[in-house]
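Chain and residue survey
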Amino acid sequence: MFPFYDVIVVGAGHAGCEAAVAAANLGSKVLLVTMNMQTIGQMSCNPAMGGVAKGQIVREIDALCGYSGIVTDETTIQFRMLNKSKGPAMWSPRAQNDRFEFAQKWRLMLEGHQNIDFWQEMVGGLLIKDQKVQGVVTALGLEIKSQTVILTNGTFLNGLIHIGEMQFGGGRAGERNATGITEQLIKLGFESGRMKTGTPPRVDGRSLSWDVMEIQDGDENPSKFSFLTTPKVGKQLPCHITYTNEKVHDVLRTGFSKSPMFSGRIQGLGPRYCPSIEDKIDRFSDKIRHQLFIEPEGRDTCEIYVNGFSSSLPENIQYEALKLILGFENVKMFRPGYAIEYDYFPPTQLKNTLETHLIHNLYFAGQINGTTGYEEAACQGLMAGINAHLRCKELEPFVLKRSEAYIGVLIDDLVTKGTNEPYRMFTSRAEYRILLRQDNADIRLTPLAYKLGMKGADLRMDNVNIKLDEAAKIETYLTENSADPGVYNEWLESIESAPLKQKIKLSSLLSRPHIGILDMAKSDSNLNTFIQKFSSENIEFAEIKMKYEGYILKEEELVKKMSRLEDFRLQESLDYFQMTSLSMEARQKLSKIKPSTLGQASRISGVSPSDISILLVHIGR
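Now for a description of the structure that goes with this document. Here the residue index of a chain counts from 1 through its sequence in written order. Per-residue local features are limited, in this predicted model, to residues with pLDDT of at least 70; the limit for side-chain atom pairs, both in listing and counting, is 80 or more; totals at the level of whole chains, interfaces and linings are taken over all residues. Side-chain calculation: all heavy atoms of the structure are included, whereas hydrogens and water are not.

Points about the sheet that holds strand E18 (residues 333-335)
In a beta sheet, neighbouring strands are held together by backbone hydrogen bonds and run either parallel or antiparallel to one another. Here we have 6 strands laid out as an open sheet, ordered E14-E15-E16-E17-E13-E18, and antiparallel in their pairing. Strands with a single pairing partner mark the edges of an open sheet, and in this sheet they are strand E14 (214-216) and E18. Between one strand and the next, the sheet's axes are offset by a mean angle of 35°, whatever the strand orientation. Taken together, the 3 bridges between strand E13 (residues 202-204) and strand E17 (residues 303-307) define a ladder with antiparallel strand orientation. Its bridge partner lying in E17, Arg-202 is registered against Tyr-305. Think of it this way: DSSP has to see at least two bridges between two strands before they count as a pair. By the criteria applied, helices consist of DSSP H or I runs no shorter than four residues and strands consist of E runs no shorter than two, each listed in order from the N terminus. Every axis corresponds to a line fitted to the C-alpha atoms, with the helix fit spanning only the stretch in contact, and the corresponding angles, defined between N-to-C directions, vary from 0 to 180 degrees.

Some words on the pattern of salt bridges
By salt bridge we mean one thing: a side-chain nitrogen of Lys or Arg within 4 Å of a carboxyl oxygen of Asp or Glu. This model, assessed by the stated rule, comprises 33 salt bridges. Here Glu-537 makes a salt bridge to Lys-232, at a shortest N to O gap of 3.2 Å. Within this pair, whereas Glu-537 is found in helix H18 (residues 536-547), its partner Lys-232 is found in the loop between E14 and strand E15 (239-243), the two being separated by 305 residues in sequence. Accessibility expressed as a relative area gives 32% for Glu-537, which makes it partly exposed. Accessibility here uses a 1.4 Å probe with only protein chains present; expressed as a share of the type maximum, an area under 20% marks a residue as buried, one over 50% as exposed, and anything in between as partly exposed. Residue classification places Lys-232 among the partly exposed positions, given a relative accessible area of 40%.

So, the sheet that holds strand E3 (residues 48-50)
Taken in spatial order, the 3 strands make up an open sheet running E3-E5-E4, and their pairing is antiparallel. Only two strands of the sheet have a single neighbouring strand rather than two, namely E3 and strand E4 (76-82). Averaged over neighbouring strand pairs, the angle between their axes works out to 15° when direction is ignored. As paired elements, E3 and strand E5 (residues 92-97) share 3 bridges and run antiparallel to each other. In the strand pairing of E5, Met-49 is matched with Ala-95.

Quick word on the packing of aromatic side chains
Stacked, edge-to-face and tilted labels apply to pairs of Phe, Tyr and Trp rings (six-membered ring for Trp) whose centres lie within 6.5 Å, assigned for plane angles under 30 degrees, over 60, and everything in between, in that order. This model, assessed by the stated rule, comprises 10 aromatic pairs. Each residue in the set Phe-190, Phe-345 and Phe-364 is aromatic and connected to the rest through ring pairs, giving one cluster. Over the ring of Phe-227 we find Arg-59, and its NZ or CZ is 4.0 Å from the ring centre. Lysine NZ or arginine CZ positioned within 6 Å of the ring centre and within 35 degrees of the ring normal marks a charge as sitting over the ring.

A short note on the side chain of Gln-367
Topologically, Gln-367 is positioned in the loop between strand E20 (362-364) and helix H10 (374-392). Gln-367 gets classed as buried once you look at its relative accessible area, which sits at 18%. Beyond its immediate chain neighbours, meaning those up to four positions away, Gln-367 contacts Gly-154, Thr-155, Tyr-342 and Tyr-344. Contacts are assigned to residue pairs that have any heavy atoms within 4.5 Å of one another.

Encoded structure:
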C-alpha cells in the first residue's frame, strides 16, 4: 500500500511542515503523517509570527529555503519591526496573520510538492531493529517503512487539557491526544518529562467597545519576512491595547482554589516568559494592572485573541473577569482559555543534528525537545529535515554554529545545556548578535543552502549577489563623495545635529547617530538620484554595514578566537570514564551529552576549564 520512504515526518505543525519541505526540497521522498489534514500548519495559540529574536529565526528559515517566511508574508494582516529605537542587532520583525489563510497556504504549498505524500492517522509506535528506526506503526496497525523518522508531536504526546477542576485528554482544543510513542521510547531507554503551556480565551469582536481601547497600528512602511518577491501587506488591520485592573484581579483570585496550577494537578513547568494571567497576579501582586493585546484572528472573522490573558481557571471565572476589563463590558466568549500538559524528552539526548543518541536515524524537532513557540519549532523541523535527508544519502551532517545563526544558538543550547522549562529564544542568548541580524540572514545562510543543493537556492543566491553588489556600490559612493555644508546644514540644525564647518565624506556624516542614507537624500539631490537605483532593503543593509563596521569587525575577531575550540572534533565513541584525570562530574556529563566539538564540551555545565585542557591533551595524543 505504501512505498518505501526516505523520510517519515510525524506531525504537521510548524516543525513538521518545515521538516517535510526541507527533506523534499533536497530530493527525498517524504511522507507527512498527521491526525487531522484540516489542521496542517495550524496556529494553535496566537495568530502571529516573529517577535524579539523569533523574527530573526523566521528570516533564517527563509534564507535556508524554508517556507515559514513565505507563508507569513502571504497571510500578513499587520507588520511591525520591533525595537527600532535600539541598534539593528535588536530589530525584530513581527507579523499578525490571518489564522485560517496561514494554515490553508501551508497546506497548498505542501500539496504542491511532488516529493511529499500524506497520511491521516495517529502514529502509535516506531519500527525499531538493532537500535535503528525503520518506519512507523499507525493506530490501525499499518507498518510504513522508511530510512529515517522525524517526530514533531507538539503538545499531543499524552496531552492533558485543564480548565478549572476539569481535565481531559487532548492535544489541542477539539482534538485527541497521541498515545503509545512515549511509552515505547521510555522502554527503549529515553528519559521523558512533562511540560505545560496555555492559551487565552477567544472572544467575539462584535461585542467589544473598540473606541475606548488604545489603537496599535502597523508600520507606516511595512517590511516583510521572505527575501523572495513575496507581497508586502496592503491594508493593515489594527490591534488594540487594554489593561486588567484590581477588580479583574479580585475576581480571578476567587478561582485560585480551583486552579490546576495552584492545586498541584499540573506537574509540568510552564513557560517563564509567557505566564498565565493567574500566575502574573500571584507573582507580581504589587502590580495593579497588566497589559493585554487584543489581536484579530483574521480579515474576515470577528474572532479575537486576548493576548496576555492565558488562563486555566474555571470558564465562569474567566468570563466574569473579562467583563471587568475596559472595552470588554459586553464581551461574548467563544471559548475559554486552557492549560495543556504534555510529554517532552530532554534534548541532551540528541546530537547537534537533532538525531537521537539511542536510536539511529530517529530525529526529534519542536516541543518534543522542550521548546515553546512556532518559530523555535519550525527551525528545528528545518534542520531535522535537512539532516534526515543527508543521512539517507550518507552525506556529512549540516550543523550551524552559534556564530552563524540564531538557529545554531538554539540547537546548541538545547543539546548542550538541556532545559527543564519551555525554552524560548531571546537576543540575549546569542553572544554574537551583532553578526546575527535579521537584515543579513540571507548573506549568512543562503550560500549554505545553495551548497546543499536546496531547491530554489539558485534564485536566492542571485539575489544575495545583487545585494552584496549594490551594498558595495553604495559604500563606494558614500566614501568617495562629500557632504557640502551649504546642502546639509539647514537640515542638520533642524534635527539638532552639529552643522558642518567644512566638507566631509558622506560616510562620516552617516556615522552620526540618528542619521540615515534616506534622510540624507532628502537634502542632497545628487545622493537622492543615485540611490533611486537600489531597493530600500539593500540600502538599509549597506547603511547598517557602514554605521556599525567597527562593532562588526570586533565581533568577527572574537568569533575567530573562539572558533579554535570548535575546530577540535570529538568522536561520539570516546569513553570519557577511561579518562581518569577528568572530574567525575565532567565524565558523567560528557558521557551523557556526547559533545561533537571541544567548544560544545566547554559550554556544558559542570565541565571546567581544566577538564577542557585534559581533553586537549587527549586529542593531541
